[in-house]
Amino acid sequence: MRIRSLTFEDGLYLFIFGLALALRLFSLGAAPLTDAEASWALQALDLARGEQPQIGAQAAYVLLTGLSFAIFNATNFLARLLPALAGGLLALLPALLRPLLGNSSHLRWSGLVLALGLAVDPGLVAVSRTAGSLMPALAFSALALALFAHRKMVWAGIAAGLALLSGPALLHGLLIMALGWGAYRLVEKRFKLPSQNEAGASTWNLPPLARSGWRAGGLALAGTLLFAGLLFFRAPQGLGALAATLPEYLLSWVRPSGIPALRLPAALLVYQPLVVILALMAAWRGWKTLHEGDAAGRLAIGLSLWALVGLVITMLYPARQVGDLGWALLPLWALAALELPHHLPGREGRPVRLAAAGLAALLCILAVIIWVNVLSIGRYQVELSMYWLVMGGVALLGMISVVMVAAGWSLVSARLGVMWSASAVLGIAMLSALWGLAYLRPQSAQELWNTPPAAGLADQLVETLVELSQLTTGHDTEIEIALLDDSPALRWALRQFPNLSRADGLAATDAPPIVITNQAQQTPALAQQYRGQDLVWRIYPGWESVLPPNMAAWLAFRQAPQVTQQIILWARADVFPGGLDALSNEMQPAAP
């Protein structure tokens, strides 16, 4: 069999795939797991330890992560590995669709832009670095559809099986895609869209699928459900978790999350402004050519309806999180990828390109000046009128420059200059948001794409317990700990301590060396025999509106109000050298 040699386009796709994996795997385990992440990771840990836990609706995550825990060790990195790998595979989606793109150079460039966008999008990277099944559901369902279109039925069946095992997130995505497809069909019937354009080029048609292909795909799907859903017949409760997917999703429609609906479009405008602008331009271009039967135009119409339905349904979803916008980001990036190649240098003459480049450079400098003023407002909290006056003057200067280039050179130069500068400035802003979201402030409560509450001082807690265990037992993790706070993140942080016990309270005769409680619990008895230290454990956003109150400080430095909840680490006095004598002296009344 002759092996096809790699082309330059193949090399670009491989580079983008490597970039996507690097962004998702670098420092993946640095941030502690939140309560939402730890609740699923603990099920996988119980499974790896040979127990038979009641597996929740996210069977694929629990079973595959539990297998990795059993082979290696339970770490934050492995707890987030499956979503990270799934997010990296999502960047290969355009490569799988290349046979449907034909020989059109425009669509080929669009595929590369889409792959790069899926690799570096801040929201998709954040979801990929979060333990859970949202990204596996999104990635495996999209890959299953692409593999089906490519007629790779065995791989499509495997991807579909993993998607089905990903839980309620898949049902939310299927609802969005089904309604989007229904809306597109209604538009087709309402406006009687032609199937061919004037040149006679038909829209994309899938190649016929033989019965053997359906059989191979069905067997691959059934095999994936049996083997991955049962973990090679070691976890029979896995398929029971699959049966709980629909009830769990229906119950989520009566469990409000407390996230304002308008926070979702606000997050898109803050983190992905370039994508939103390009997607709106592509949608306008597609709807403008509604009756021409152009394949790219029809694709833009379908993607715009998918994105709109995804945004609306997610805003109406009571259990919504900003991460659920991943189902809308996919069509938004596809629209942006269709639009961006229209603004790349093409057949324009050199004077036109030079004028456009000069205008773009000037607009970038003016954008930097505006951003410096925003930084000053956020840092110094000074009088705003002068800064707004400066920023308004700079913006007016930019508009005058655009008008002068359009009048003195050409409209094409002005259009290209504006688009190049907007792409550069907003692209850098998006990459900056990516870096802060994934590396500088991972799992931070100030970031909109993270699921609250954020985790607190887990590393400090573990370090303190290790030191106390060494003082008491001579070993790092052998100290006895009584846990009175039922936080999944707390239980995950203490997973290496074998003498950890959970209880609702302590009997009068119980006096373990370490007791951990939440701050709300009354502990007068503990104060008589123990020394306590409070630690921040849960961090919530301190605002109920769509965005934080001081927008300039939040945009520049992510400074926003926070609400914290503490836990108290109680150590029995005799754990410390001379601890009982020191405690007795502290409790004795002072001499008159």
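Structure's up top.
Residues numbered from 1 in each chain as written. Predicted model: local features only at pLDDT ≥ 70, side-chain atom pairs only at ≥ 80, totals over all residues. Heavy atoms only, no water.

Points about the pattern of salt bridges
Line of reasoning, step 1. Taken as a whole and judged by the stated rule, the model has 15 salt bridges.
Line of reasoning, step 2. The partner of aspartate 10 in a salt bridge is arginine 98, and the shortest N-O contact between them spans 2.7 Å. Taken together, the residues span a long stretch of sequence, with aspartate 10 in helix α1 (residues 8-25) and arginine 98 in helix α7 (residues 98-101) at a distance of 88 residues. For the pair aspartate 10 and arginine 98, a shared accessibility class is recorded, and that class is buried.
Line of reasoning, step 3. A salt bridge links arginine 502 to aspartate 486; its shortest N-O distance comes to 2.9 Å. Of the two residues, arginine 502 is situated in strand β3 (residues 500-502) and aspartate 486 in the loop between β2 (481-483) and α24 (488-493); the sequence distance between them amounts to 16 residues.
Line of reasoning, step 4. Taking the relative accessible area as the measure of exposure, arginine 502 reaches 53% and is therefore exposed.
Line of reasoning, step 5. A network of salt bridges, in which partner residues are shared, links Glu9, Asp10, Arg98 and Arg108. (Salt bridge = Lys/Arg side-chain N within 4 Å of Asp/Glu carboxyl O. Helix = DSSP H or I, 4+ residues; strand = E, 2+ residues; numbered from the N terminus. Buried < 20%, exposed > 50% of the residue type's maximum accessible area, 1.4 Å probe, protein only.)

Brief notes about the pairing of strand β6 (residues 562-572)
Line of reasoning, step 1. Bridge count for strand β4 (residues 514-518) against β6 is 5 bridges, and the pairing is antiparallel. Bridging from a neighbouring strand, isoleucine 514 pairs with alanine 571 of β6.
Line of reasoning, step 2. Where strand β5 (residues 530-541) lies against β6, 11 bridges are found, and the strand directions are antiparallel. Within β6, the position partnered with arginine 538 by the bridge is glutamine 565. (Pairing = 2+ DSSP bridges.)

Thoughts on helix α11 (residues 153-164)
Line of reasoning, step 1. Taking 1.5 Å of rise per residue, the 12 residues of α11 would be expected to cover 16 Å, and the 16 Å separating its terminal C-alpha atoms lies within 8% of that figure.
Line of reasoning, step 2. Listing the buried residues of α11 in full gives Met153, Ala156, Gly157, Ala159, Gly161, Leu162 and Ala163.
Line of reasoning, step 3. Contacts made by the buried residues of α11 are with α3 (59-71), α10 (134-149), α12 (168-191) and α13 (211-230). (Expected span 1.5 Å × (residues − 1). Contact = heavy atoms within 4.5 Å.)

Description of the sheet that holds β4
Line of reasoning, step 1. Here 6 strands make up an open sheet; going across it, the order is β1-β5-β6-β4-β2-β3 and the pairing mixed. With one partner strand each, in any of the chains shown, β1 (454-455) and β3 form the two edges of the open sheet.
Line of reasoning, step 2. In this structure, β2 lies alongside β3, joined through 3 bridges in parallel fashion. When the bridges of β3 are listed, isoleucine 481 appears paired with leucine 500.
Line of reasoning, step 3. Together, β2, β4, β5 and β6 form the strand contacts of helix α23 (residues 458-473), whose direction differs from that of β6 by roughly 5°. (Axes fitted to C-alpha atoms, helices over the stretch in contact; angles between N-to-C directions.)

Considerations on unusual backbone geometry
Line of reasoning, step 1. Each neighbour pair has its own omega, and for proline 452 with proline 453 the value is 0°, a cis peptide bond.
Line of reasoning, step 2. Position of proline 453 relative to the elements: it lies in the loop between α22 (411-440) and β1.
Line of reasoning, step 3. Here serine 27, not a glycine, exhibits a phi torsion of approximately 50°, which is positive.
Line of reasoning, step 4. Note on placement: serine 27 falls in the loop between α1 and α2 (35-48).

Re the pairing of β5
Line of reasoning, step 1. As paired strands, β1 and β5 are joined by 2 bridges and run antiparallel to one another. Looking across to β5, one finds that alanine 455 is bridged to arginine 538.

A closer look at a nonpolar patch on the surface
Line of reasoning, step 1. A surface patch of nonpolar side chains, about 420 Å² in accessible area, is lined by Leu396, Met399, Ile400 and Met404.
Line of reasoning, step 2. Considering the arrangement of structural elements, one finds leucine 396 in helix α21 (residues 384-408). (Patch = residues over 30% accessible without salt bridge, like charges linked within 9 Å, V, L, I, M, F, W, Y side chains within 5 Å. Areas by Shrake-Rupley, 256 points an atom, 1.4 Å probe, with all protein chains shown as cover.)

Regarding the side chain of glutamate 339
Line of reasoning, step 1. Tracing the backbone shows glutamate 339 in helix α19 (residues 326-339).
Line of reasoning, step 2. With relative accessibility at 1%, the residue glutamate 339 sits in the buried group.

Some thoughts on α21
Line of reasoning, step 1. Along its 25 residues, α21 runs 36 Å from first to last C-alpha, staying within 8% of the 36 Å computed at 1.5 Å per residue.
Line of reasoning, step 2. Of all the positions in α21, only Met391, Val394, Gly398, Ser401 and Val405 are classed as buried.

Considerations on the environment of leucine 107
Line of reasoning, step 1. Tracing the chain through its elements places leucine 107 in helix α8 (residues 105-120).
Line of reasoning, step 2. Relative accessible area serves as the criterion here: at 10%, leucine 107 is assigned to the buried category.
Line of reasoning, step 3. Sequence separation of leucine 107 and aspartate 10 is 97 residues, and the distance between their C-alpha atoms is 15 Å.

Digging into the packing of aromatic side chains
Line of reasoning, step 1. Taken as a whole, this structure holds 8 aromatic pairs when the rule is applied.
Line of reasoning, step 2. Between the aromatic rings of tyrosine 249 and tryptophan 253, the centroid separation amounts to 6.2 Å while the plane-to-plane angle is 90°, which identifies the pairing as edge-to-face.
Line of reasoning, step 3. Using a relative accessible area of 6% as the deciding quantity, one classes tyrosine 249 as buried.
Line of reasoning, step 4. Tryptophan 253 sits in the partly exposed class, given a relative accessible area of 29%.
Line of reasoning, step 5. In textbook terms, an aromatic cluster arises when at least three aromatic residues are bridged by ring pairs, as seen for Phe26, Trp435 and Tyr439.
Line of reasoning, step 6. It is arginine 151 that lies over the ring of phenylalanine 148; its NZ or CZ is 4.7 Å from the centre.
Line of reasoning, step 7. Over the aromatic face of tryptophan 492 sits the side chain of arginine 495, whose NZ or CZ is 4.2 Å from the ring centroid. (Phe/Tyr/Trp six-rings, centres within 6.5 Å; stacked < 30°, edge-to-face > 60°. Lys NZ or Arg CZ within 6 Å of the ring centre and 35° of its normal.)

Keep in mind these values describe shape, not function.
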